[in-house]
Structures are given as structure tokens and as C-alpha cells.
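Structural description and commentary
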Amino acid sequence: MSTPKRAKRADVESPAVHMADSHGLIRVHGARENNLKDVSIEIPKRRLTVFTGVSGSGKSSLVFDTIAAESQRLINETYSAFVQGFMPTLARPDVDVLDGLTTAIIVDQQRMGADPRSTVGTATDANAMLRILFSRLGKPHIGPPGAYSFNVASVQASGGFRVDRGADKTRTEKVTFSRTGGMCTRCEGRGTVSDIDLTQLYDDSKSIAEGAFTIPGWRSDNVWTVGIYAESGFLDPNKPIRRFTKKEMQDFLYREPTKVKVNGVNLTYEGLIPKIQKSFLSKDKEAMQPHIRAFVERAVTFTVCPECDGTRLTEAARSSKIGKVSIADACAMEIRDLAEWVRGLDEPSVAPLLTALRQTLDSFVEIGLGYLSLNRSSGTLSGGEAQRVKMIRHLGSSLTDVTYVFDEPTVGLHPHDIQRMNNLLLRLRDKGNTVLVVEHKPETIAIADHVVDLGPGAGTAGGTVCFEGTVEELRAGDTVTGRHLDDRAALKETVRKPTGTLEIRGATANNLQDVDVDIPLGVLTVVTGVAGSGKSSLVHGSLPHRAGAAGEGVVSVDQTPIRGSRRSNPATYTGLLDPIRKAFAKANGVKSALFSANSEGACPTCNGAGVIYTDLAMMAGVATTCEECEGKRFQASVLDYHLGGRDISEVLAMSVAEAERFFGEGEGRTPAAHKILDRLADVGLGYLTLGQPLTTLSGGERQRLKLATHMTEKGGVYVLDEPTTGLHLADVEQLLGLLDRLVDSGKSVIVIEHHQAVMAHADWIIDLGPGAGHDGGRIVFEGTPAELVAARSTLTGEHLAAYTGS
């Protein structure tokens, strides 16, 4: 009789909603990070929300720098002060209220470390599991997992230590230690060895006195470089280098550091090769001046290590096999093939390990990276590939109610692959997670449950929420994104005629299968194909060499990140500050160094930073505006000098568009500065301020800044790697106009691209495929976009036809 009573009681109480179920929103109030203007917004949890808007409108500032940053900061604060001391310190975002946050997992486009010992396998733990597998099942058994690691060196040591146990009880004990590692001793686990081309260092038909050295900056009057060799006493400076004796050559090239006296000054002499290695090869190539970088690229060659044949592993590690497969063979397989091999192993003693390894490898295949191999250097992955590799560890996660934050997850994806990425995003949402995506592609915007559109413009013209709602409401709305969401480019009616061709014959880099192709010159050529089909291998691997042989200079604008500190800004990066400083110096009759915040003109209190940084150990450091210069970065006396009625701090606070007018006419007219500003405006960066720190720019802004800088370089062939990355639908049209201007000025432009609007605008298309990895590496189509659409013979042709409505 008690059961009906309980049922009746439950019926009466059922309408009550539990308090814990009322927290279904992430609330942001008064967000002012970067260019955000007191943004207040409510984001539904356990839904897929896409953030749209033109590049620079504030999407990343809201999603990454506010919501995700505060979530990570709050999580870090749950650890003890001791542990926090080892973690990155995060400042609280500039926001009034952030409520309803959950743990944020950021999956961004930051390139993975380019360390030569970092591979796809080491970055995803797949290598660690393989090493354990071979240490258990490999025949012959050679040792623990470290014996199969190319990052672990073999070590042997022995020695004695004294044990003091009180008066007259001291005794010496002998200890030996050994560790078996898998690192190849010749290349130290890198797989390649470097060699210096001596012909690029000196002309051996000349003597040192006659200026034999061809190294940049090595002038005959420089005692620290040429002088020390001429006056060292080890060599005859008047004898041609090719006539040096064996001992002289040894001293010239390889001598150990030795103290010598030159003109009464004590100096250290060392052989030319170790000196070059310390002076040039130990430095970051990206940070070098262009002529120094060109010298290093000419003088240093990298070849496959002859001892390990590029596998990075010792002979012992390569000899231990499971069946007929060594760990080197396993890491060299395409991951989809490796997954099949692991699936065929049946050993109960390592069953849990095999299950975990299968899941990891299957995740690679599921996410569209089955064409990679575990021995692929992580630094060679594109931004899109790196982002998807980071996703792998989250796909099989049992966590729910987590906030996943993605930065343009479709970057580097062919239209054919975007549906697969969409399915993964929906799967994460359906497990009960909140998914926040910054995205421009209409195919991904279309699957959103909720859309937030920021704008209306970029930089100071953006930073407000223009729209919140469903995709259909966005399409009907009057925002820039809504108006352009259904934009479709039309095929070109007439295409340009090539002025010549670059012949590539027998290209075999990576997965290319003996490719022969003629790349037309004087036109806009688009190289396309599914991810992993061989586009970058063809363009970056084969083109520069062939173009150089044909006498054509190549200017390459790739996806490598811009290096720069918080002192770097568009004016310093593009070289714009030099003509501005000279113009100020000439107008006021003073030194140009006064107008640099990194030199004589810097405020002495903040050293030209504009802010004072206070380190608070494990807590986030505090940056306060310098009271001396009020954030202007310069000494007060420097601000008394004017050009066209403006001081240097006011000029650096101008936008590119404003500065373009200022330096184009009147008292401020400076043609050299105006020319650089024109290029910045051409690539759509007219809204940036000249002194804005590079660290505050979005990925798309940085790539276009790099493009504007490279446009000055002398080269007949321009290679662009996915220039639409980070570009809003409305900005793509402006980019196409820029590409047209480059071609019309006599350049040959080659673009690696997946965006159908760029394909439709091309004069010539080269399509690689048909698949990825060993299923790709072949030319499946060459011709005009109209011919590609008419043939519909490839995946690209089908998607381009659907896009253009042909």
C-alpha cells in the first residue's frame, strides 16, 4: 500500500526544479580585453557556439583572452603556491563579471615545437606506447623502453664514493652505472647530419690578405674576424688557401681555441668551422637578417645520417623486431597502416597497452591524419594539422561538462574534409560539453546551435556584439557576416595567358610519386587537393630549387609565426619606423636615435616599454602605466620635437589609414613611409595602429603583415600558403584584388589554397590527389577552373562545381 502513496507524493513535488540545474549559461559582463567595448553576453552551455566577424573584430579577445584565460587562471589557483610557482602566471582578464565557467581545454593553431627531436609520435604519446610494446615483445630483447627511444643516450659510468660512519669507520664503495638508450650516436637522435660547404666560406684561389673570405661582415680591416687569422702566426696570410700545408689547413679549419696576441691585444684563435658554428649556426635562423639567413642556407647542407639511415635509432634498437617489423619500421608506416598492424597483434600479457595504442592510432585516422607517420617532425606540420593532432587526446576522453575552445578548426582542410571536422565538433557537444569555435567557413557556421557575430569593423571599429541568435536569424540579419554568408564566387570568364613555364621533373619529396608538372608563369596559379595530398611537398620542396635554376627569385609567405616581443609593433616589423625617425630627425636637426623607444629616446623610468612590470612570483605580474611618460614610451624632451604638428608618440598612435594620409601630403610627406603604409592598407590592415604590440594581433593579421613586408622583396615568383587563413568572407574579395595586382605588376603568384573563391578566381589550377599519403602524390588535374568544373573528375572539381552553382 506504501508504493501508491510515494508515487502520489512524487507527482505533487515533480514541478520543482533543482537549483543545480539552473546554471546553463556562461555569463560575460563588461569585457574590455584588447579592443572589446564593455561586451556583455550570455552563452548557452552544452551547445555549439560559433563566433564570427571580420579579422580583428575581437573574436579571439572574447573567446581566448577572456573566457578561456579566466577559466585556466581559476583552475591554476586551486593548486598550492608551491605548484603555482612552476606554472605560467596568468593575469585576470579586464572584465567585470564572468560567471558559469567550466574547465576550458584550448585547441589552438599554435605550431608545435620545431625541435628536431620532436615528432608526431612523441607529441601524442604513441611513441611511448610503442616503446613499451617493443620492450615487452621485441626479439631479441635489448632492454627497457628507453632502449628504443632516440631521445635517450646510452650512458656508462663508474666511480667511488666515501661513506663516513663516524670515527675510524670510513670506507670507500665502488659504484657502476649503465643505461641503454636508443639514440644514434652519429646524429644524436636527429636523423640528419649537417655539413658546411667550404666553397661558401672562402675563395681558395686567394690569400687571406687578398680578401679570400666570402662570409657576410668579414671585412679585411676587422681584427676580430679576418685580422686574427692573418696575424695569428699559424698561417701564411699571403699564400693562397689552396696551397696551405696539411698542418696549416688543420689549424685554419679545426684548431682548438688558443690564446694569441694580435697587435698587442690578447685574443682567442679557433678554427674557421667551429667559429662559424658558434657565430651563425647556434642562432635562430628566423631571427637573422635576410642576407645572413641566405648565407647560412647556402653554406650549410643537411643530409640523412649514414649510420642510422635517418631512423634516429641505434643498430640494436633497429634489430629488435616483433615479427618482421622493427620500431623504426613501425614509426615510418603511415598511421592507418600501423593501426592495421597493431590490430593484428594478439598478446594477452600486453592487452591493455594494445587497446590504448589502437584507440590513439584510430583517432588519427578518424580525424583525417591517417596519412601521417609517427616519425614525421612535428615542426613540419601545418597549423591545421597541428591543431588536429592536439585534438586526438580529447576524442576518447570520458570528461563531460568541459568547455572546448577551437581556433578555426577547418584551417588546412579541403572542402571534402570539413564535414568530418564538423562531425567531431558535434560529437564533443553531444557528450555534454560546451564547444566554442572561432570560425569563418560557412560550412561550419551552418552547424552552430548559437552564433555570436562581433564587429561591425576591425580594431577600434570593432569590439561590440552585432548579433546573437541562430544561423537562420544571422542569415536574415543585416550584419557583415549575415550579408556575406551565402556569397559564392563566379568562375572567371577570361583567364590570363602564361608568359612561360617552370618545369618540375621527377619530384619525389615526401609522398610525391615521381611528379612531372609545368607551372605557368605570369598568372595566378592555385595548387589544391585534400590535406596530405602533397601540395606543400611540391611547392615548397621542388619549386624554389627549380625557380632558382631558371633565374627566378622566389618570395615565400608561409604560416610560420611572426617572432616578436611586446616591444615589437607593425612599425618596427615592417621597417616603417626607420623613414619616420629620419623624417623627424631631419625636420628638427637632431639624431634619429632619439625617436626610438628602444634607444636614446626611451623614457628612463620604463626603458621605453610604456608600462612598469611588477613580478609577483607565483601570482600574475602587474603592468602599470609609467607615471613618468604616461605610457608614451619617450622622454619628455623628445616629445617637444614635431613633424607636421605631431610628436612621435602621436604618430605611433595613428591607424595605418590615418598615417597614410599624414605621410602622403603636407609637412609630414615622407614617400618612403607612405610606400610601406600603402602596402599595409593593400592587405587590409588599415585599422591597425602603428605602435600596437605584435603580441595583440590575431593569426590572420600577422600573416597579412608578413605578406605586406615580403611584397618589397625582389622576386618574380610569389608563393603564398593558405593566405585566406583568419580572413572573414568579406575580406577574401580584397585579398583576391591584391593577388590580381601582384600578377598585373608582372609577378607569378602560386597559392596553396582550399578556399573555393580563390580557386574560382585562378587562371590555372593544379589539383593533387586523389587521396592523402600514399594514396596521393599525383597530379589528378591541370587546367582552368572552368575545365575543372566541367570535368568534375576530382573531389575538388565536384566541390567547386557545387560552390559556384555550375
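Treat the numbers as computed from the prediction; the structure is a model and nothing was measured. (Residues numbered from 1 in each chain as written. Predicted model: local features only at pLDDT ≥ 70, side-chain atom pairs only at ≥ 80, totals over all residues. Heavy atoms only, no water.)

How two helices pack is summed up by the angle between their axes together with the distance between the axes. Between helix α5 (residues 126-137) and helix α13 (residues 351-366), whose axes approach to 10 Å, the crossing angle comes to 150°. Here α5 lies roughly antiparallel to α13, going by the angle between them. In the crossing of α5 with α13, the sense of the turn from one axis to the other is left-handed. Within the contact between the two elements, α5 uses Ala126, Met129, Leu130, Ile132 and Leu133 and α13 uses Leu353, Leu354, Ala356, Leu357 and Thr360. Across the contact of α5 with α13, the residue classes break down as 9 nonpolar, 1 polar and no charged. (Axes fitted to C-alpha atoms, helices over the stretch in contact; angles between N-to-C directions. Helix = DSSP H or I, 4+ residues; strand = E, 2+ residues; numbered from the N terminus. Parallel < 35°, antiparallel > 145°, perpendicular 65-115°, else oblique. Left-handed = near helix turned anticlockwise from the far one by under 90°. Contact = heavy atoms within 4.5 Å. Nonpolar A, V, L, I, M, F, W, Y, C, P; charged D, E, K, R; others polar.)

Turning our attention to the packing of aromatic side chains. Tallied over the entire structure, the rule returns 16 aromatic pairs. When the centroid spacing of 5.7 Å and the interplanar angle of 55° are considered together, the rings of Phe213 and Tyr229 count as tilted. With Phe213 in the loop between β8 (192-196) and α6 (223-231) and Tyr229 in helix α6, the pair connects residues that are 16 residues apart, well separated along the chain. For the pair Phe213 and Tyr229, a shared accessibility class is recorded, and that class is buried. Centre to centre, the rings of Tyr229 and Tyr269 are 5.1 Å apart; their planes meet at 65°, and the pair counts as edge-to-face. A residue pair is termed long-range when its members are at least 10 positions apart, and Tyr229 in helix α6 and Tyr269 in strand β10 (residues 265-269) qualify at 40 residues. Through a chain of ring-to-ring contacts, three or more aromatic side chains come together here, namely Tyr202, Phe213, Trp218, Tyr229, Phe234, Phe244, Phe252 and Tyr269. Looking at Arg255, its charged tip hangs above the ring of Phe234, at a distance of 4.0 Å from the centre. (Phe/Tyr/Trp six-rings, centres within 6.5 Å; stacked < 30°, edge-to-face > 60°. Buried < 20%, exposed > 50% of the residue type's maximum accessible area, 1.4 Å probe, protein only. Lys NZ or Arg CZ within 6 Å of the ring centre and 35° of its normal.)

Strand order across the open sheet formed by 6 strands is β5-β14-β15-β3-β16-β17, with mixed pairing between neighbours. On the outer flanks of this sheet lie β5 (104-107) and β17 (464-469), each paired with one strand and no other. Neighbouring strand axes in the sheet, compared pairwise and without regard to direction, differ in orientation by 20° on average. Relative to strand β14 (residues 403-407), β5 is paired through 4 bridges, and the arrangement is parallel. By the bridge assignment for β14, Ala104 is matched with Thr403. This element, helix α2 (residues 59-76), spans β3 (48-52), β5, β14, β15 (434-438) and β16 (450-455) of the sheet and lies at about 130° to β5. Strand contacts of helix α15 (residues 415-430): β3, β14 and β15, with the helix running at about 150° to β15, the strand carrying the most contacts. (Pairing = 2+ DSSP bridges.)

A few words on the pattern of salt bridges. Within this structure, the stated rule accounts for 35 salt bridges. Glu340 is the salt-bridge partner of Arg343, the closest N and O atoms lying 3.0 Å from each other. Taken as a pair, Arg343 and Glu340 lie in helix α12 (residues 335-343) at a separation of 3 residues, close to a single helical turn. For Arg343, a relative accessible area of 36% puts it in the partly exposed group. Between Asp744 and Arg496 there is a salt bridge, with the nearest N and O atoms lying 3.4 Å from each other. (Salt bridge = Lys/Arg side-chain N within 4 Å of Asp/Glu carboxyl O.)

Let's shift gears to the sheet that holds strand β2 (residues 39-44). Strand order in the open sheet made by the 3 strands is β2-β1-β4, with antiparallel pairing throughout. Looking at which strands have only one partner, the edges of the open sheet turn out to be β2 and β4 (97-99). Between one strand axis and the next, the sheet turns through 5° on average, direction left out of account. Pairing of strand β1 (residues 25-31) with β4 involves 3 bridges; the strand directions are antiparallel. From the neighbouring strand, Arg27 faces β4, where its bridge partner is Asp99.

Turning our attention to the pairing of β1. Across 5 bridges, β1 lies against β2 in antiparallel orientation. When the bridges of β2 are listed, Ile26 appears paired with Ile43.

Tracing the backbone shows Thr794 in the loop between α28 (785-791) and α29 (795-804). Of the polar contacts made by the side chain of Thr794, one reaches the side chain of Asp767; its length is 2.8 Å. Leaving out residues up to four positions away in the same chain, Thr794 has contacts with Asp767, Val780, Phe781 and Leu788. (Polar contact = N/O pair within 3.5 Å; in protein donor to acceptor, adjacent residues only side chain to side chain.)

A general tendency of soluble globular proteins is for nonpolar side chains to be buried together. If you look at the biggest cluster of nonpolar residues, it comprises 68 residues, and the most contacted ones within it are Ile580, Ile648, Phe663, Leu690 and Val749. The element best represented in this core is helix α26 (residues 729-744), accounting for 7 residues. Those residues in contact with Ile580 that lie beyond four places of it in its chain are Ile648, Val651, Phe663, Ala673 and Leu690. One finds Leu130, Leu313, Trp341 and Val451 within the second-largest nonpolar core, a separate group that totals 67 residues. (Core = buried A, V, L, I, M, F, W, Y, C linked by side-chain atoms within 4.5 Å.)

The subject of this paragraph is empty space enclosed by the protein. Taken as a whole, this structure holds 5 cavities of 30 Å³ or more when the rule is applied. For the largest cavity, the calculated volume is near 140 Å³. Around the largest cavity, the lining comprises 17 residues; the ones closest to its centre are Glu408, Lys441, Thr724, Thr725 and His755. Counted as a void, the second largest cavity has a volume near 100 Å³. If you go around the second largest cavity, you meet 13 residues; those closest to its centre are Phe150, Thr311, Leu313, Cys331 and Asn375. Tallying contributions element by element places helix α11 (residues 327-332) first for the lining of the second largest cavity, with 3 residues. Of the residues belonging to the lining of the second largest cavity, the class tally is 7 nonpolar, 5 polar and 1 charged. (1 Å grid on protein atoms, 1.4 Å probe; cavity = no way out; pocket = protein on both sides within 12 Å on 5 of 7 lines; lining within 4 Å. Points joined across faces, edges and corners; volume = space filled by probe spheres on them.)

Below, the discussion takes up unusual backbone geometry. One can expect most non-glycine residues to show negative phi and most peptide bonds to be in trans. Backbone torsion omega between Lys139 and Pro140 reads -5°, so that peptide bond is classified as cis. With respect to the helices and strands, the residue Pro140 is situated in the loop between α5 and β6 (155-163). Cis geometry marks the peptide bond from Gly455 to Pro456; its omega dihedral reads 0°. By secondary structure assignment, the location of Pro456 is in the loop between β16 and β17. One non-glycine residue, Asn607, adopts positive backbone phi at about 55°. Structurally, the position occupied by Asn607 is in the loop between α21 (577-588) and β22 (611-616). In this model, Glu630 sits at a positive phi of 55°, which is unusual for a non-glycine residue. Judged by its relative accessible area of 60%, Glu630 is exposed.

With that settled, the discussion passes to a nonpolar patch on the surface. The grouping of Tyr79, Phe82, Val83 and Phe86 at the surface amounts to a nonpolar patch, some 470 Å² of accessible area in total. Considering the arrangement of structural elements, one finds Val83 in helix α3 (residues 81-84). On the accessibility criterion, Val83 (33% relative accessible area) is partly exposed. (Patch = residues over 30% accessible without salt bridge, like charges linked within 9 Å, V, L, I, M, F, W, Y side chains within 5 Å. Areas by Shrake-Rupley, 256 points an atom, 1.4 Å probe, with all protein chains shown as cover.)

The next subject is the confidence of the model for the protein chain. Per-residue confidence for the protein chain gives a mean pLDDT of 85, with 92% of residues at or over 70. Mean pLDDT across the secondary structure elements of the protein chain bottoms out at helix α1 (residues 2-13), with 45, and peaks at β3, with 96. In this model, residues 1-13 is a region of pLDDT below 50 whose contacts with residues beyond four sequence positions or in other chains number 0 contacts. (pLDDT = per-residue confidence, 0-100.)

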